[in-house]
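What the coordinates show
Take a look at the letters that make up each chain.
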Amino acid sequence: MSENNLNREQIEAAAAHLEKAELEAYEVTKLTNDYPEMTYKDAFDIQWEIRRRKEARGTKIVGLKMGLTSWAKMAQMGVEHPCYGFLCDYFTVPDGGEIKTDELIHPKIEAEIAFVTKKALKGPGITIADVLAATDFVLPAVEVIDSRYKDFKFDLKSVIADNSSSSRFITGGQMQRVENVDLKHFGVVMEVNGEIVATGAGAAVLGHPAASVAMLANMFGERDEEIPAGTFVMVGAVTAAFQCKKGDSFSVRYQGLGSISGRFV
Ligand code: 0L1
Ligand code: MG
């Protein structure tokens with residue numbers, strides 16, 4: 001990984017700036033406008049500093065996510081590589097529950113699948129096979145992303161610093177052992193207000209959803225971090241992201257894995 005160009009004071013200031021925008025739901029311009037010299041190491045350090053700030057205030061980290069894991073999504077957002085983020089206790093919304101639109105800026109929903117690990121994973125060298133052997137079960141998830149950047153205009157370093165647009169998520173449906181799901185080929189149908197708005201298949205995620213967890217373990221390894229046993233990991237969108245507004249209801253059906261629904265209030 002690259003070295004730092006920002007000093008500790010700048011990293012802490014950037015983390016406070018982005019976290020305030022998240023907590024108070026307002027837009028900011030992309031971080032590389034303020035710090036054009038920032039490196040990928042700086043971007044990840046800012047994200048980890050946001051995580052440290054939250055944990056210091058008693059927030060629990062309840063999972064991890066990969067983002068930008070489909071080639072279509074990378075092309076849509078003009079970035080070259082997936083990214084990761086962390087999930088907090090207050091991000092969770094129950095299946096069939098309400099998402100408070102006023103707490104967010106410009107939310108979009110994504111149909112995802114999540115892995116729950118039963119063994120720790122630490123890169124380098126983690127493969128799809130390692131991930132499958134370390135997985136307790138998989139289950140459906142819907143991610144609500146909410147970039148803090150105006151009009152979702154950003155570059156990869158800015159997104160990483162902004163906790164990869166993490167804001168809310170729902171999990172539920174039907175858990176399954178990995179051997180009971182065709183992870184590459186299972187289909188997903190996303191409906192908003194009764195109309196189909198997106199469809200997809202597991203292979204949209206880096207060719208195989210377990211490849212996303214492997215990439216996360218390898219990226220964590222670069223920081224000498226591991227994915228602990230018992231971690232909930234969302235692998236990235238199987239469908240395109242769909243922008244929602246107050247009053248919208250959604251329902252996502254996952255082949256062999258049940259469904260998840262929710263409503264923006
Ligand atoms: O979860 C995701 O794939 C989104 C990552 C950040 C990019 C975005 O906000 O669209
Ligand atoms: Mg996502």
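Data block above holds the structure.
Residues numbered from 1 in each chain as written. Chains lettered and ligands numbered in written order. Predicted model: local features only at pLDDT ≥ 70, side-chain atom pairs only at ≥ 80, totals over all residues. Heavy atoms only, no water.

1. Side note on the coordination of the magnesium ion (ligand 2)
Coordination of the magnesium ion (ligand 2) by the protein comes from E110 (OE), E112 (OE) and E143 (OE), over a distance range of 2.0 Å. Sequence spacing among the residues donating to the magnesium ion (ligand 2) works out to E-x1-E-x30-E. One end of the pair, E110, is in strand β4 (residues 108-117); the other, E143, is in strand β5 (residues 135-145), with 33 residues separating them in the sequence. A relative accessible area of 5% places E110 in the buried class. Residue E143 is classed as buried on the basis of its relative accessible area of 0%. (Donors = N, O, S within 2.8 Å, 3.2 Å for Na, K, Ca; no water. Helix = DSSP H or I, 4+ residues; strand = E, 2+ residues; numbered from the N terminus. Buried < 20%, exposed > 50% of the residue type's maximum accessible area, 1.4 Å probe, protein only.)

2. What to know about the site of ligand 1
If you check the shell around ligand 1, you find 14 residues, and the closest are K65, L68, K73, E143 and S165. A distance of 3.1 Å separates an oxygen atom of ligand 1 from a polar atom in the side chain of E110. Contact with the protein chains hides 100% of the accessible area of ligand 1, taken as 300 Å² for the molecule alone. Where the shell around ligand 1 is concerned, the elements lending two or more residues are β1 (61-67), α4 (71-77) and β5. Tallied by class, residues from the shell around ligand 1 come to six nonpolar, four polar and four charged. (Near = heavy atom within 4 Å. Polar contact = N/O pair within 3.5 Å; in protein donor to acceptor, adjacent residues only side chain to side chain. Areas by Shrake-Rupley, 256 points an atom, 1.4 Å probe, with all protein chains shown as cover. Nonpolar A, V, L, I, M, F, W, Y, C, P; charged D, E, K, R; others polar.)

3. Remarks on the nonpolar core
Residues I46 and F115 are the most contacted members of the largest nonpolar core, which totals 88 residues. No other element matches helix α7 (residues 209-222), which puts eight residues into this core. Once residues within four sequence positions are removed from consideration, I46 is found in contact with L6, I11, A14, A15, L18, L31, M38 and A161. (Core = buried A, V, L, I, M, F, W, Y, C linked by side-chain atoms within 4.5 Å. Contact = heavy atoms within 4.5 Å.)

4. As for helix α1 (residues 8-24)
Given a rise of 1.5 Å per residue, 17 residues ought to cover 24 Å, and the 24 Å separating the end C-alpha atoms of α1 matches this to within 8%. Looking only at α1, the buried set comprises I11, A14, A15, L18, E19, A21 and E22. Considered in projection along α1, the buried side chains sweep an arc of 155° and stay on one side of the axis. For α1, the secondary structure elements touched by its buried residues are α2 (31-34), α3 (40-56) and α6 (156-161). With a side-chain oxygen positioned 3.2 Å from the backbone nitrogen of E9, the residue opening α1 is N7. At the exit of α1 stands A25, carrying a positive phi of roughly 55°. (Expected span 1.5 Å × (residues − 1). Arc of directions from axis to C-beta.)

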